[in-house]
Amino acid sequence: RIASMILTPRLAIAAPSHGVTRRTRTRTYASPSSSNRSLIPETLEAMKGDDEFLLAQQRLKDLGQRALTKEERARRRRALDDLGVPAFETVLDERGGRALVREPTTILQVNIGLFCNQACAHCHVESSPLRTEMMTHDTAEAIVRVLKNSPGVKMLDLTGGAPEMHEEFRYLVREARALGVEVIDRCNLTVLYEDGQEDLASFLAENKVKVVASLPCYSEANTDAQRGKGVFERSIAALKDLNAVGYGVEGTGLELDLMYNPGGAFLPPAQEKLEIAYRSELQDTWGISFSRLYTLTNMPIKRFADYLHREGKMSEYMSLLVENFNVAASAGVMCRDLVSVSWDGRLYDCDFNQQLDMPLRSGKTIFDLETIDDIVGEHIVADNHCFGCTAGSGSSCSGATI
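1. Some thoughts on the overall build of the protein chain
Move 1: Along the backbone of the protein chain there are 14 helices and eight strands.
Move 2: Put simply, the protein chain has 402 residues, and 57% of those count as buried.
Move 3: A fraction of 77% describes how many contacts in the protein chain between residues 6 or more apart in sequence connect residues 24 or more apart.
Move 4: Carbon and sulfur atoms provide 50% of the accessible area of the protein chain, an area that totals close to 16,200 Å².

2. Here we look at the packing of aromatic side chains
Move 1: In this structure the tally under the stated criterion is nine aromatic pairs.
Move 2: Taken together, a centroid distance of 5.9 Å and an interplanar angle of 65° make the contact between Phe232 and Trp286 edge-to-face. Of this pair, Phe232 sits in helix α9 (residues 231–244) while Trp286 is found in helix α10 (residues 271–286), placing the two residues 54 residues apart along the sequence.
Move 3: Note on Trp286: relative accessible area 2%, which makes it buried.
Move 4: Clustering of aromatic rings is evident, with ring pairs tying together Phe88, Phe325 and Phe387.
Move 5: It is Arg279 that lies over the ring of Phe290; its NZ or CZ is 4.3 Å from the centre.

3. Quick word on the nonpolar core
Move 1: In terms of nonpolar packing, the biggest core is built from 65 residues, with Leu108, Leu156, Tyr278 and Leu282 touching the most fellow members.
Move 2: Aside from chain neighbours lying at most four places away, what touches Leu282 is Leu215, Tyr218, Ile236, Leu258, Gly287, Ile288 and Phe290.

4. A look at α10
Move 1: Helix length check: α10, at 16 residues, gives a terminal C-alpha distance of 21 Å against a target of 22 Å (1.5 Å per residue), a fit within 8%.
Move 2: Three or more residues of α10 are buried, namely Gln271, Leu274, Ala277, Tyr278, Ser280, Glu281, Leu282, Thr285 and Trp286.
Move 3: Against α9, β5 (256–260) and β6 (292–295) lie the buried residues of α10.
Move 4: Gly287, located one to two residues past α10, shows a positive phi value of around 70°.

5. As for the side chain of Thr401
Move 1: Of note, Thr401 is situated in the segment after α14 (351–355).
Move 2: Polar contacts involving the side chain of Thr401 include one to the main-chain carbonyl oxygen of Ala329, which spans 3.1 Å.
Move 3: Setting aside anything within four residues of it in sequence, one finds Thr401 in contact with Ala329, Gly332, Val333, Ser393, Gly394, Ser395 and Ser396.

6. A look at empty space enclosed by the protein
Move 1: Enumeration according to the criterion identifies two cavities of 30 Å³ or more in this entry.
Move 2: Around the second largest cavity sit 18 residues that line it, and Val333, Cys335, Cys350, Cys386 and Cys389 are the ones nearest its centre.
Move 3: Among the residues making up the lining of the second largest cavity, the classes are represented as 13 nonpolar, four polar and one charged.

7. Considerations on the confidence of the model for the protein chain
Move 1: Of all residues in the protein chain, 90% have pLDDT values of 70 or greater, and the mean over the chain is 87.
Move 2: The model gives residues 1–25 a pLDDT under 50, and that stretch makes 81 contacts with residues more than four places away or in other chains.

8. Points about the pairing of strand β3 (residues 182–187)
Move 1: Burial analysis of β3 places five of its six residues in the buried class, which makes it a mostly covered element.
Move 2: As defined by bridge partners, strand β2 (residues 155–159) adjoins β3 across four bridges and the pair is classed as parallel. Note that in β3 the partner of Leu158 across the bridge is Asp185.
Move 3: Once the chain exits β2 it traverses helix α6 (residues 169–178) before rejoining the sheet at β3, and the crossover so formed is right-handed.

9. Thoughts on helix α8 (residues 220–227)
Move 1: Here α8 lies mainly inside the structure; six of its eight residues are buried.
Move 2: Asn222, Thr223, Asp224, Ala225, Gln226 and Arg227 are the residues of α8 that are buried.
Move 3: The N-capping residue of α8, defined by a side-chain oxygen 3.3 Å from the backbone nitrogen of Ala221, is Ser219.
Move 4: Of the residues flanking the end of α8, it is Gly228, one or two places downstream, whose phi is positive at about 120°.

What counts as what
- Residues numbered from 1 in each chain as written.
- Predicted model: local features only at pLDDT ≥ 70, side-chain atom pairs only at ≥ 80, totals over all residues.
- Heavy atoms only, no water.
- Helix = DSSP H or I, 4+ residues; strand = E, 2+ residues; numbered from the N terminus.
- Buried < 20%, exposed > 50% of the residue type's maximum accessible area, 1.4 Å probe, protein only.
- Contact = heavy atoms within 4.5 Å.
- Areas by Shrake-Rupley, 256 points an atom, 1.4 Å probe, with all protein chains shown as cover.
- Phe/Tyr/Trp six-rings, centres within 6.5 Å; stacked < 30°, edge-to-face > 60°.
- Lys NZ or Arg CZ within 6 Å of the ring centre and 35° of its normal.
- Core = buried A, V, L, I, M, F, W, Y, C linked by side-chain atoms within 4.5 Å.
- Expected span 1.5 Å × (residues − 1).
- Polar contact = N/O pair within 3.5 Å; in protein donor to acceptor, adjacent residues only side chain to side chain.
- 1 Å grid on protein atoms, 1.4 Å probe; cavity = no way out; pocket = protein on both sides within 12 Å on 5 of 7 lines; lining within 4 Å.
- Points joined across faces, edges and corners; volume = space filled by probe spheres on them.
- Nonpolar A, V, L, I, M, F, W, Y, C, P; charged D, E, K, R; others polar.
- pLDDT = per-residue confidence, 0-100.
- Pairing = 2+ DSSP bridges.
- Right-handed = clockwise from strand over helix to strand, strands pointing away.

Right under this line is the structure:
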């Protein structure tokens, strides 16, 4: 089952439930054979047997995404009302935090499309092999045009879905690198073994793309519980293949970062300490090296919000986020200097707002901009899900904010 795969929640700041186990011999997984390279058939089969996923799909068909998002937002608001907590921006102001105003943009984050070979239980984008939303070439060209006119943008952050499986991915990579803009590929790792991606590792290396790879745990059981059967095995094989072309290897200049998110309703542990555990386990057990580890808080939206609602944990999780509100973390939230572009060219203050259909206050799209500086100074759209980015050490697409 997909939607019910999240581990039993622990309402506390917690490390992964397993310990670091030293082994004297490196274990190996062979790269998946040609007969079972693609994960898509397994993902689709699992989705067909998932009653909760099927119910969610039917409700989406009957009510539409906007109505479901409104319902989800109301649940979070009720949870905060029960706790006597005011709106996020009121809390931010009362704690002396800086107002949420757009600063000069340095990162352009682009969601190329929602198609993915996986259907992860925590996914705030609700991606799967059934999603058909994909970026057109006209939209990709508009992004490149804005990049050319925006020298302050230093990074193009490509996400999805599985961004590599979309037609415009390699076009955007090549165009951005030709402009001297750094590129991030938010990679689920298993995509390396999908049809047509046989040369993906070498393509990324040739273009010096920074890889930020999802690996929610260094335990096979925990990773497969959250992301699907067979994901851990393929992920380990993919990390080895990336190491083989220089990623995560000191002196190559090819960065390979890993992204951790909790397997339940608790905050991530300290990023620095968890990185030590990851580095020890992956190197000692699998002979894998990487550059750094990022931690990401599970946002109470989309599939994770559905889980919280089913389990009656929304109030407890929102309470956890509010109790751990950290005004220092709010200073580094990604929405201040990042712009999120959807597959159809609409603009948002962050990827989470994009999935909640909360666009920029001005309503501008990528087609309306001459330069990204056109939106500097706009007031950022905030709501109760923003407590997720300001809890504990903070959370962003670049990990902890403090």
